[in-house]
Amino acid sequence: MLKILVIGGGGREHALCWALRSSPQVEKVYCAPGNAGIAEIARQLEIKPTDTKKLIEFARHEAIDLTVVGPEDPIVGGVVDTFRREKLRVFGPTAAAAQLEGSKAFAKSFMRRHNIPTAPFAVFDNAEEATRFCRESEGPLVVKADGLAAGKGVIVCETPAEAEAAVQHIMVERAFGAVGEKIVIERRLAGQELSVMAFADGRHVALMLPARDYKRALDGDRGANTGGMGAYAPAIRLDDPLLEEIERGIIQKTIDGMAEDGIPYSGVLYAGLMMTESGPKVLEFNCRFGDPETQVVLPLLKTDLVDVIGAALAGKLDMEPLEWRDEVCACVILTSKGYPGKYETGAPISGTLKTESDGLLRFHAGTSAGTGGVITAGGRVLGICSRSSTHEGAIASAYAGVERVQFKGAQFRTDIGLRPAEVHRMRRAPAERRGRF
Ligand code: AMP
Ligand code: GLY
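Computed from a predicted structure; not experimentally measured. (Residues numbered from 1 in each chain as written. Chains lettered and ligands numbered in written order. Predicted model: local features only at pLDDT ≥ 70, side-chain atom pairs only at ≥ 80, totals over all residues. Heavy atoms only, no water.)

*Asks:* I tried to follow a negative patch on the surface on my own but got confused; where do I start?
*Replies:* Together, D125, E128, E129 and E181 line one region of the surface with negative charge. Looking at the secondary structure, you find E129 in helix α7 (residues 127–136). Owing to a relative accessible area of 41%, E129 belongs among the partly exposed residues under this scheme. (Patch = residues over 30% accessible without salt bridge, like charges linked within 9 Å, V, L, I, M, F, W, Y side chains within 5 Å. Areas by Shrake-Rupley, 256 points an atom, 1.4 Å probe, with all protein chains shown as cover. Salt bridge = Lys/Arg side-chain N within 4 Å of Asp/Glu carboxyl O. Lys, Arg positive; Asp, Glu negative; His and termini not counted. Charge placed at Lys NZ, Arg CZ, Asp CG, Glu CD. Helix = DSSP H or I, 4+ residues; strand = E, 2+ residues; numbered from the N terminus. Buried < 20%, exposed > 50% of the residue type's maximum accessible area, 1.4 Å probe, protein only.)

Below you can see the structure in the form of structure tokens.
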């Protein structure tokens, strides 16, 4: 029987703890630092995800059999390298491999070198040259800070003047700090976005069900970019030829390219794709499970997650195909008022909060145990997830679950999972169509 440590404390980690805990091979799950929902199924540890020293001490002391890392910060910072050096079993990419997420300039030049489809781009470390480039280019641009900026370092622009302002904001005003020393400017692509995650073992890949993630704060894809306001999976069917193209031309090619470059990639590779008229193109790579994609993908995984991770660590991901439930899973995120801007925490949460009850899954994100019960402790608070044999059924029951939770200032999108035609109607509807305030 295994003892497992999960690093992180959001909805993704709650889903990971839940999936790992449901394996018959697992004796106990620990989570650093966890949250109020995770506390129901795992032991919470007061250790920060970036406190590698304490994590190692704990893993040694408790004879942890496997550590799974959720967030990008510790991965990019080298937590996997340290665990490996200490001969502790850990699932995730090394710091060198995680540059695919940690440096957008690295990822873009890697893709160019290996012929992986992505938007045309240029890299700058000089604000004047970047400004001149914006002024002289035609068509809309996207300006991106090179390093990790908690999902905020990307500015999608309409006009050259907007792109110039973005350069000023990132490089001169240093809106995201030192990560803006270098920037990538790329052509803006049009199409539907798709999140594809895959397990990788350095050589082989096993694709997860593709998911659709809703990044903008408001209905109709308006408002600021967030960590994700909801998701559903599968966004395209597993037997869709498009998925084979994505596997062969993007995911496997990336793993092959990393191996060729002497930086083998093992862990979860997440490709954020734009489905353009000329085929799928990579918008970004993440070196970890997506959030909230994980909350809709893991509930559909029939194969034991411990076995999948074991196969990835043994270099044997080609041996057993993953099995999936023939269902749809949808997730609606409840956030604190003001998110992704300034928001308040500490509001008591009432209603049904149990991880698994009345047919729903509730993955907590920013929650903690207050003296009188569970209180809000973050921007994204809870993800209400539902599985159903139909798309409409999954969406409807997730929203029914949303009605059964209350806290002051709760916000959510009301259009998660609507079909494109319905979203189109939504776009023309008044901007104020919005969740509860
Ligand atoms: P990233 O963190 O690079 O994925 O960017 C965050 C979001 O910005 C993406 O999910 C897209 O919605 C948008 N984005 C990034 N790059 C582009 C691009 N080249 N064209 C259009 N939208 C983009
Ligand atoms: N859902 C986007 C991410 O995990 O980065």
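Continuing now.
*Asks:* Could you clarify how one ought to interpret the packing of helix α1 (residues 11–21) against helix α11 (residues 305–313) in this entry?
*Replies:* For any two helices packed against each other, the geometry comes down to the angle between their axes and how far apart the axes lie. In contact at an axis separation of 8 Å, α1 and α11 are set at 100° when each is read in the N-to-C sense. Between α1 and α11, the interaxial angle falls into the category roughly perpendicular. Here L16, A19 and L20 of α1 lie close against α11, whose contacting residues are L305, V306 and I309. Here the residues of the contact of α1 with α11 are counted per class, giving six nonpolar, no polar and no charged. (Axes fitted to C-alpha atoms, helices over the stretch in contact; angles between N-to-C directions. Parallel < 35°, antiparallel > 145°, perpendicular 65-115°, else oblique. Contact = heavy atoms within 4.5 Å. Nonpolar A, V, L, I, M, F, W, Y, C, P; charged D, E, K, R; others polar.)

*Asks:* Where do I start with empty space enclosed by the protein in this structure?
*Replies:* Here the idea is plain: a probe the size of a water molecule rolls over the atoms and shows the empty space left. Under the definition given, this model contains three cavities of 30 Å³ or more. There is about 50 Å³ of room inside the largest cavity. Lining the largest cavity, in full, are V68, V69, I75, F91, G92, P93, G267, V268, C287, R288 and F289. Of all the elements in the fold, those that place two or more residues in the lining of the largest cavity are β4 (66–69) and β16 (266–276). Looking at the lining of the largest cavity residue by residue, the classes come out as eight nonpolar, two polar and one charged. (1 Å grid on protein atoms, 1.4 Å probe; cavity = no way out; pocket = protein on both sides within 12 Å on 5 of 7 lines; lining within 4 Å. Points joined across faces, edges and corners; volume = space filled by probe spheres on them.)

*Asks:* Would you mind showing me how to read the site of ligand 1 here?
*Replies:* By nearness alone, 14 residues border ligand 1, and E186, R187, L189, E193 and E284 come closest of all. For ligand 1, an oxygen atom lies 3.3 Å from a polar atom in the side chain of K104. Residue L189 places a main-chain N or O atom 2.8 Å away from a nitrogen atom belonging to ligand 1. For ligand 1, whose accessible area on its own is 470 Å², the fraction buried by protein is 92%. Mapped onto the shell around ligand 1, the elements with two or more residues apiece are β7 (141–145), β8 (154–156), β9 (183–187) and β17 (279–286). Its residues assigned to classes, the shell around ligand 1 shows six nonpolar, no polar and eight charged. (Near = heavy atom within 4 Å. Polar contact = N/O pair within 3.5 Å; in protein donor to acceptor, adjacent residues only side chain to side chain.)

*Asks:* In this structure, what is going on with the sheet that holds strand β10 (residues 192–201)? I would like to understand it.
*Replies:* Strand pairing within a sheet occurs via backbone hydrogen bonds; the two strands may be parallel or antiparallel. Strand order in this open sheet of four strands is β11-β10-β16-β17, and the pairing throughout is antiparallel. Across the chains shown, the open sheet's two edge strands, defined by having one partner strand only, are β11 (205–207) and β17. Averaged over neighbouring strand pairs, the angle between their axes works out to 35° when direction is ignored. Sheet topology note: the β10/β11 ladder contains three bridges and is antiparallel. Paired with A198 across the two strands is L207, which belongs to β11. (Pairing = 2+ DSSP bridges.)

*Asks:* Honestly, the packing of aromatic side chains in this entry has me stumped. Any pointers?
*Replies:* To describe a pair of aromatic rings, one takes the distance between the centres and the angle between the planes. Taken as a whole, this structure holds nine aromatic pairs when the rule is applied. With a centroid separation of 6.0 Å and 80° between ring planes, the pair formed by F199 and F289 is classed as edge-to-face. Of this pair, F199 sits in strand β10 while F289 sits in the loop between β17 and α10 (293–297), and the two are 90 residues apart along the sequence. Here F289 falls in the buried class, since its relative accessible area comes to 2%. (Phe/Tyr/Trp six-rings, centres within 6.5 Å; stacked < 30°, edge-to-face > 60°.)

*Asks:* Just to check I follow, could you spell out the sheet that holds β9 for this structure?
*Replies:* Strand order across the open sheet formed by four strands is β6-β9-β7-β8, with antiparallel pairing between neighbours. At either end of the open sheet lies a strand with only one pairing partner, and these are β6 (121–124) and β8. Sheet twist, expressed as the mean angle between neighbouring strand axes with direction ignored, is 15°. Strand direction decides the pairing type here: β7 and β8, joined by three bridges, are antiparallel. Across the sheet, residue K144 finds its bridge partner in β8, namely V154. Each of β6, β7, β8 and β9 is contacted by helix α8 (residues 160–172), which is oriented at about 0° to β7, the strand it contacts most.

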